[in-house]
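# Structural description and commentary
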Amino acid sequence: MRLCSFQGPEVFEELTEAWIDLLRRSSVDSPFLRPGWLRTWWEHLGEGELHVLTFEEGGRLIGIAPLRRIARDGRRVLETFSEEVTDYLDLPVESGREEELAHALLAWLISPAAPEWDLLILWNIREDSPIYGAWSAVAPAYGLVARAERLTVCPVLSLPATWEAYLQMLDGKDRHELRRKMRRVEALESVRWYILREDGPDAEEAIEAFLDLMAVSSPEKADFLSEGVRAFLRQAIRQGLREGWARLSFMEIEGEKAATYLDFDYRDRIWLYNAGFNPRFAGLSPGIVLLAYLIRQAIEQGKPVFDFLRGDEPYKFRFGAREVPLYRILISRPE
């Protein structure tokens, strides 16, 4: 397996076609691992040194390790990026060859070709990722230690064939409350919901409305939406709309936007990324109702999975989701 190292952001453009083809051949394909998403993050939020490793065999791309080197707490850290805006991170690798890539990456790590480092962090690895268990098995062969630390969960909802079957999956109290909230909103004279799926003349206004509703939803979201994060999201959403996998949904009440979601319709599942709500309509729970509509639509479209992504907020479990643990893998030399 041949390893190449790139340090300039132009690598994201140069490898786009081969990178996306590799994702299709991997078992960890997600919007967060697409070269456009990572390039956009690097442009607006990236710090440190960029190190993108490619693993090839016979001219065919087998794996990619997008890393950055950054000083943190007095240590030189190599890490995947970026955990704060990217719910799932992993190393794109051809399915079935995960352990080979782990060997190749660790061999590079202890070679003179690697930059000076004290710690390698692989962020936001799902427990069911094929590469999750490889590191502890492979690391000792290179005189290294690997350990996994649980970070949080990504609640995931397995969808049945019909909306009624889904409702029957819910706890009786949760089912009653959901129906009640939906009926209350549907009884209003002026209410509508819709989804923007394409990058057209309405996209800029819709993106700004989404960001503004996010900001007024809570002080935490307002703090999160720095200018850098806003710029990153604007560009990432536009690219996702152009490529056909990003969606912005809105519920309007009396002509005013009451709730919004950004989700991704990607690889036969819906990935719920973030949301915003207008506090003026809090008593009507428009966010809950809009989310119910999105789940019902996913069922009608035959989607098998509705992924709530990172975070253990109680509402996700009231909608019937189940935990998928999320870890970070830390690799270091023995102390």
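These remarks concern the structure in this document. Along every chain, residues carry numbers that run from 1 in the direction the sequence is written. Local features in a predicted model are, by the rule used here, given only for residues with pLDDT of at least 70; side-chain atom pairs are given and counted only at 80 or more, and totals for whole chains, interfaces and linings are based on all residues. To get the side-chain values, take all heavy atoms of the structure and skip hydrogens and water.

### Structural notes on the layout of surface pockets
- A cavity, in this analysis, means grid points on a 1 Å lattice covering only the protein atoms where a 1.4 Å probe fits yet has no way out; a pocket is instead an open set bounded by protein on both sides within 12 Å along at least five of seven lines, and a residue lines either one if it has an atom within 4 Å of a point. Grid points are joined across faces, edges and corners, and a volume is the space filled by probe spheres set on the points. When its volume is computed, the largest pocket comes out at roughly 790 Å³.
- Along its surface, the largest pocket is lined by 30 residues, and Lys221, Asn274, Ala275, Glu313 and Tyr315 are the ones closest to its centre.
- By definition, any uninterrupted DSSP run of H or I lasting at least four residues is a helix, any uninterrupted run of E lasting at least two residues is a strand, and each is numbered from the N terminus. When contributions to the lining of the largest pocket are tallied by element, the ones reaching two or more residues are helix H8 (203-217), helix H9 (219-224), strand E11 (269-277), helix H11 (286-300) and helix H12 (314-318).
- Take the lining of the largest pocket: its biggest share by element is five residues, from E11.
- Looking at side-chain class alone, the lining of the largest pocket contains 16 nonpolar, six polar and eight charged residues.
- Put simply, the second largest pocket is a space of about 350 Å³. Side-chain classes are defined by residue name, with Ala, Val, Leu, Ile, Met, Phe, Trp, Tyr, Cys and Pro counting as nonpolar, Asp, Glu, Lys and Arg as charged, and the others, Gly among them, as polar.

### Thoughts on empty space enclosed by the protein
- In the structure shown here, the tally under the stated rule is one cavity of 30 Å³ or more.
- Approximately 30 Å³ is the volume attributed to the largest cavity.
- When grouped by side-chain class, the residues that make up the lining of the largest cavity number five nonpolar, three polar and two charged.

### Here we look at the packing of aromatic side chains
- Aromatic contacts are taken between Phe, Tyr and Trp rings whose centres are within 6.5 Å, Trp giving its six-membered ring; a plane angle under 30 degrees counts as stacked, one over 60 as edge-to-face, and the others as tilted. A full pass over the atoms with the stated rule returns 23 aromatic pairs.
- Measuring from ring centre to ring centre gives 5.7 Å for tryptophan 37 and tyrosine 273, while their planes differ by 85°; the resulting arrangement is edge-to-face. On the criterion of sequence distance, the pair formed by tryptophan 37 in helix H3 (residues 35-45) and tyrosine 273 in strand E11 is long-range, its members being 236 residues apart. Note on accessibility: tryptophan 37 and tyrosine 273 belong to one class, buried. Only protein chains enter the accessibility calculation, which uses a 1.4 Å probe; a residue whose area is less than 20% of its type maximum is buried, one above 50% is exposed, and one in between is partly exposed.

### Let's talk about the pairing of strand E13 (residues 325-332)
- By the criterion of burial, E13 is predominantly enclosed, with seven of the eight residues buried.
- Between any two strands, at least two bridges found by DSSP are needed for them to pair. Relative to E13, strand E6 (residues 145-153) runs antiparallel, the two being bridged by eight bridges. Looking at the pairing, threonine 152 lines up with leucine 326 of E13.

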